[in-house]
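Each chain, written out:
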Amino acid sequence: MVSANLVLLVIVISGTWHIAIPAQQQVKTMEGKATKSAAGLEQPFILNTWPFINATIKGWETLQTGNAVDAVAAGCAQCETEQCDSTVGYGNSPDENGESTLDAMIMNGLTHEAGSVAGLRRVKDAIAVARAVMEYTKHTLLVGDLATKFAIEMGFKEEDLSTPASINKWKEWKGNNCQPNFRQNVSPDPATSCGPYQPLPSESWQQSRQNQVHFDNQNHDTIGMIAMDRDHNMAVGTSTNGANHKVPGRVGDSPIIGSGAYVDNNVGGAAATGDGDTMMRFLPSYQAVESMRNGMQPNEAAAEALLRITRLHPDFEGAVIAANTKGEHGAACVGFPGFKYNVYDNNGPRSIDVTCKKSTKKPSRYNL
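The present account deals with the structure reproduced in this document. Residue positions are counted from 1 within each chain, in the order its sequence is given. Selection of residues for local features in this predicted model requires a pLDDT of at least 70, selection of side-chain atom pairs for listing and counting requires 80 or more, and totals for whole chains, interfaces and linings are taken over all residues. Side-chain metrics rest on all non-hydrogen atoms present in the structure, leaving aside hydrogens and water.

## Regarding the environment of Pro196
Link 1 in the chain: Positionally, Pro196 belongs in the loop between strand 8 (186-187) and strand 9 (198-199).
Link 2 in the chain: Residue classification places Pro196 among the exposed positions, given a relative accessible area of 77%.
Link 3 in the chain: Measuring from C-alpha to C-alpha, the distance between Pro196 and Val186 comes to 9.6 Å, with 10 residues separating the pair along the chain.
Link 4 in the chain: Note on contacts: a residue pair qualifies if any of its non-hydrogen atoms lie within 4.5 Å across the two residues. Dropping the residues within four chain positions of it, Pro196 is found in contact with Ser187 and Pro188. Each helix corresponds to a stretch of at least 4 residues labelled H or I by DSSP, and each strand to a stretch of at least 2 residues labelled E; elements are numbered beginning at the N terminus. Only protein chains enter the accessibility calculation, which uses a 1.4 Å probe; a residue is then buried when its area is under 20% of its type maximum, exposed when over 50%, and partly exposed in between.

Shown next, in the form of structure tokens:
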């Protein structure tokens with residue numbers, strides 16, 4: 001928990017969504033006093049999506065004696081233990097069968113080694129298992145029951161991930177005719193009925209999805225974390241229990257390298273959160289890092305990554321955070337009522353409040 005002598009500075013940034021943290025801009029605290037620009041963290045530093053302050057603190061504490069990979073693993077694990085916002089860790093986001101499963105990834109910016117798990121069943125320590133994939137195999141991604149088997153071989157405990165809260169959430173969903181629902185083009189109508197479902201012939205498909213599922217602050221999927229250690233090495237990681245009431249077996253963007261997060265020691269790192277089914281088609285974290293490589297500031301790079309999505313999916317909801325090797329950082333978001341991310345360096349922890357662009361329902365042409 002946060003100690004009594006810890007002061008959390010909240011920075012509020014207004015303006016358009018694609019210039020969330022302009023470099024060298026003077027920003028204001030909630031008390032209205034001018035403070036140092038949000039750009040330019042001192043090394044070492046930690047950033048993470050959403051105001052999960054205990055995860056931020058845990059990552060920072062780990063950086064004092066450990067490396068960037070250690071810090072990311074510890075920070076994400078803190079959120080798994082606390083079940084941050086019910087979207088990380090065990091006992092939340094049950095699928096259609098009422099089961100909670102976990103996704104996570106971790107990446108080393110120095111070596112580009114990475115490890116991921118997806119659809120991890122009956123093991124709570126998703127980020128630690130992802131690290132084990134990176135360190136004890138030559139693979140990158142393990143999934144489902146065989147990821148669980150690997151975890152048990154590596155010494156992790158097998159246990160039920162359900163809780164009374166997740167079971168009640170699933171029962172309420174079933175009692176509400178399985179709404180909201182991620183199915184489409186099936187019978188019976190998934191907007192009004194539970195399954196089992198059968199596919200409809202293509203001539204009966206709906207042209208637009210009327211049963212839209214929103215990725216709000218209770219369904220935004222992810223903690224994403226970026227760290228730089230005292231040796232100026234970087235790492236990134238993510239952890240999530242996925243989307244509420246997802247189709248069993250669904251995997252979103254979080255464990256996908258380049259989508260959920262990405263890092264390059266020569267450039268910087270990025271992490272994404274939101275509608276993972278859409279984001280994983282665009283690799284926004286990889287795109288943000290490559291845009292920084294080409295000279296963009298982190299806030300501009302994050303915005304560019306989202307712009308590539310919203311040109312084709314104007315009703316998209318999500319956010320990207322980014323930081324370069326100089327400690328400059330920024331974020332962009334769209335569709336959320338609001339978005340915050342935390343930073344921590346030698347100047348202490350701060351929570352950055354980003355104004356999001358509104359989603360639209362009008363189609364737009366994808367011109368890149």
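## Some remarks on the pattern of salt bridges
Link 1 in the chain: Any carboxyl oxygen of Asp or Glu within 4 Å of a side-chain nitrogen of Lys or Arg constitutes a salt bridge here. The final tally for this structure, using the stated rule, is 14 salt bridges.
Link 2 in the chain: In this structure, Glu290 and Arg293 form a salt bridge, with 2.8 Å as the shortest nitrogen-oxygen distance. Taken together, the residues span about one helical turn, with Glu290 and Arg293 both in helix 7 (residues 284-293) at a distance of three residues.
Link 3 in the chain: Through salt bridges that share partners, Glu99, Arg121, Arg122, Asp145 and Glu158 make up one connected network.

## Focus on helix 2 (residues 68-82)
Link 1 in the chain: Here helix 2 spans 21 Å end to end across 15 residues, near enough to the 21 Å set by a 1.5 Å rise per residue.
Link 2 in the chain: Looking only at helix 2, the buried set comprises Ala68, Val69, Ala71, Val72, Ala73, Ala74, Gly75, Cys76, Cys79 and Glu80.
Link 3 in the chain: In this fold, the buried residues of helix 2 make contact with strand 4 (45-49), helix 1 (53-63), strand 5 (102-108), helix 3 (126-136), strand 10 (223-228) and strand 11 (234-240).
Link 4 in the chain: Here a polar contact is recorded for every N or O atom pair within 3.5 Å, except that within protein the pair must consist of a potential hydrogen donor and a potential acceptor, and residues adjacent in sequence are included only if both atoms are side-chain atoms. Where helix 2 begins, one side-chain oxygen reaches toward the backbone nitrogen of Val69, 3.1 Å away; that side chain belongs to Asn67.
Link 5 in the chain: Where helix 2 ends, the next residue or the one after it, Gln83, has phi of about 55°, a positive value. Any helix carries an expected span of 1.5 Å times its number of residues minus one.

## Examining the pairing of strand 4
Link 1 in the chain: Counting buried residues in strand 4 gives five out of five residues, a clear majority hidden from the surface.
Link 2 in the chain: Here strand 4 shows no split at all, with Phe45, Leu47 and Thr49 on one side and Ile46 and Asn48 on the other all buried.
Link 3 in the chain: Across four bridges, strand 4 lies against strand 16 (residues 339-345) in antiparallel orientation. In the strand pairing of strand 16, Leu47 is matched with Val343. Strand pairing is assigned whenever DSSP detects at least two bridges linking the two strands.

## Quick word on the packing of aromatic side chains
Link 1 in the chain: Only the six-membered ring of Trp is used, alongside the rings of Phe and Tyr, when aromatic pairs are assigned; centres must lie within 6.5 Å, and planes under 30 degrees apart are stacked while those over 60 apart are edge-to-face, with the rest tilted. On inspection of all chains with the given rule, the structure shows four aromatic pairs.
Link 2 in the chain: Between Tyr262 and Tyr286 the ring centres are 5.0 Å apart and the planes differ by 75°, which places this aromatic pair in the edge-to-face class. Placement of the pair is Tyr262 in strand 12 (residues 261-264) and Tyr286 in helix 7, with a sequence separation of 24 residues.
Link 3 in the chain: Tyr286 sits in the partly exposed class, given a relative accessible area of 34%.
Link 4 in the chain: Three or more aromatic residues joined by ring pairs make a cluster, and in this case those are Trp50, Phe336 and Phe339.
Link 5 in the chain: Sitting above the plane of the Tyr90 ring, Lys124 keeps its charged end 4.0 Å from the centroid. The rule for a charge over a ring is simple: NZ of Lys or CZ of Arg within 6 Å of the ring centre, and within 35 degrees of the ring normal.

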